[in-house]
Amino acid sequence: MASSLSFGSVSHVVFDVDGLLLDTESIYTRIMSTIAERYGKKFSWDVKVKQMGKSHNESAKVFIEALCVPMTVDEYRQQVDSLRHLFAESDLMPGAERLIDHLYVHKIPMALATGSYSQEFQVKITRHRKLFEKFHHTVCSSDDPAVKRGKPAPDCFLVAASRFPDSPKPDKVLVFEDAPNGVQGALAAGMQVVWVPDEQCLKTSDDSIRQIKPTLLLKSLEAFRPELFGLPSYDQ
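On a predicted model such as this, the values are computed, not experimentally measured, just so you know. (Residues numbered from 1 in each chain as written. Predicted model: local features only at pLDDT ≥ 70, side-chain atom pairs only at ≥ 80, totals over all residues. Heavy atoms only, no water.)

(A) Examining the overall build of the chain more closely. Assigned secondary structure in the chain consists of ten helices and six strands. Here the C-alpha atoms of the chain give a radius of gyration of 17 Å, agreeing with the 18 Å that 2.2 N^0.38 yields for 236 residues. Expressed as lengths along the three principal axes of its C-alpha atoms, the size of the chain is roughly 55 × 35 × 30 Å. Once local pairs closer than 6 in sequence are excluded, the contacts in the chain between residues at least 24 apart make up 69%. As displayed, the chain has an accessible area near 10,900 Å², and 50% of this comes from carbon and sulfur atoms. Of the charged side chains in the chain, 28 are positive and 31 negative; the average position of the first set lies 1 Å away from that of the second. (Helix = DSSP H or I, 4+ residues; strand = E, 2+ residues; numbered from the N terminus. Rg over C-alpha atoms; globule rule 2.2 N^0.38 Å. Contact = heavy atoms within 4.5 Å. Areas by Shrake-Rupley, 256 points an atom, 1.4 Å probe, with all protein chains shown as cover. Lys, Arg positive; Asp, Glu negative; His and termini not counted. Charge placed at Lys NZ, Arg CZ, Asp CG, Glu CD.)

Shown next as structure tokens:
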């Protein structure tokens, strides 16, 4: 992880959604636990962290294989869809609204790159549509034909960057992520990345996660200082 007080200047920002801007991860856990219990299984954090950031189909495969449940990817999707309405309860994560509003006021182009399906994404932002209108575009990896591979592949981030009118180079894009798969994808895209993980994520038994080296590691979006990346400070 970089230890200097400043990093490369950026001109554009791409955000993940789940667990970063919206507190959907607790809802995901409820849904996954409900499905697992139907098969006499227990959903654990070690399984969850492997799913985080992945497209819906890839996340389904992780769930099915890790818990050894007798279902297909389509059956998994049907069960998740039946509980999808719970996502409409999603709250904003601490610091999210302040950061989005700040970048918007200063005309910093922003986009979203999520592993969700488009319809699922719309349910998640039910209570926060005005805020999410401030993003230039959204890439939903699970049903965007331009995204061939989900996170940790770099596809969704490269697609997100290409859809800005001026198509910035990767080193001019700053990514915010909470998921290890997303951090790896952003780094693979050649972008700087701020990692804001759940505390449980750093306690996982998976050594590969503890070895991830983001540009910057934060406990919360509230701790982010825009000026470190050449963006307008909150004082401006």
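(B) Structural detail: the side chain of serine 233. Looking at the secondary structure, you find serine 233 in the segment after strand E6 (216-217). With residues up to four places along the chain from it excluded, the contact list for serine 233 reads His102 and Glu227.

(C) Structural detail: the packing of helix H1 (residues 25-38) against helix H4 (residues 73-82). At a closest axis distance of 10 Å, the pairing of H1 and H4 adopts a crossing angle of 125°. When the interaxial angle is binned, H1 and H4 end up oblique. In this structure, H1 meets H4 at a crossing whose hand is right-handed. Each of Ile31, Met32, Ile35 and Arg38 in H1 lies in contact with H4, whose residues at this interface are Tyr76, Gln79 and Val80. Classifying every residue of the contact of H1 with H4 by side-chain character gives five nonpolar, one polar and one charged. (Axes fitted to C-alpha atoms, helices over the stretch in contact; angles between N-to-C directions. Parallel < 35°, antiparallel > 145°, perpendicular 65-115°, else oblique. Left-handed = near helix turned anticlockwise from the far one by under 90°. Nonpolar A, V, L, I, M, F, W, Y, C, P; charged D, E, K, R; others polar.)

(D) Inspection of the pairing of strand E2 (residues 110-114) at higher detail. The element E2 is largely enclosed, with a buried count of five among its five residues. Taken together, the three bridges between strand E1 (residues 12-15) and E2 define a ladder with parallel strand orientation. Each bridged residue has a counterpart across the sheet, and for valine 14 the counterpart in E2 is alanine 111. In the sheet, E2 pairs with strand E3 (residues 137-140) via four bridges, with the strands oriented parallel. Pairing of leucine 112 across the sheet is with threonine 138, part of E3. (Buried < 20%, exposed > 50% of the residue type's maximum accessible area, 1.4 Å probe, protein only. Pairing = 2+ DSSP bridges.)

(E) Spatial organisation of the layout of surface pockets. Estimates place the volume of the largest pocket at around 370 Å³. Forming the walls of the largest pocket are 20 residues, and the residues nearest its centre are Val196, Pro197, Asp198, Glu199 and Lys219. For the lining of the largest pocket, the per-class residue count stands at eleven nonpolar, three polar and six charged. (1 Å grid on protein atoms, 1.4 Å probe; cavity = no way out; pocket = protein on both sides within 12 Å on 5 of 7 lines; lining within 4 Å. Points joined across faces, edges and corners; volume = space filled by probe spheres on them.)

(F) Layout of the sheet that holds strand E5 (residues 192-195). Spatially, six strands are ordered E3-E2-E1-E4-E5-E6 in an open sheet, and the strand pairing comes out parallel. Both outer strands of the open sheet, E3 and E6, are each paired with one neighbouring strand and no more. Relative to E3, helix H8 (residues 155-162) is tilted by about 155°, and along the sheet it contacts E1, E2, E3 and strand E4 (173-177).

(G) The state of the cysteines, seen in detail. Here the structure, examined in full by the defined rule, presents zero disulfides. Take cysteine 140: it sits in no disulfide, and the sulfur closest to it among the cysteines is that of cysteine 156, at 10 Å. The exposure class of cysteine 140 is buried, given its relative accessible area of 5%. Judged by relative accessible area, which is 0%, cysteine 156 ranks as buried. (Disulfide = S-S within 2.5 Å.)

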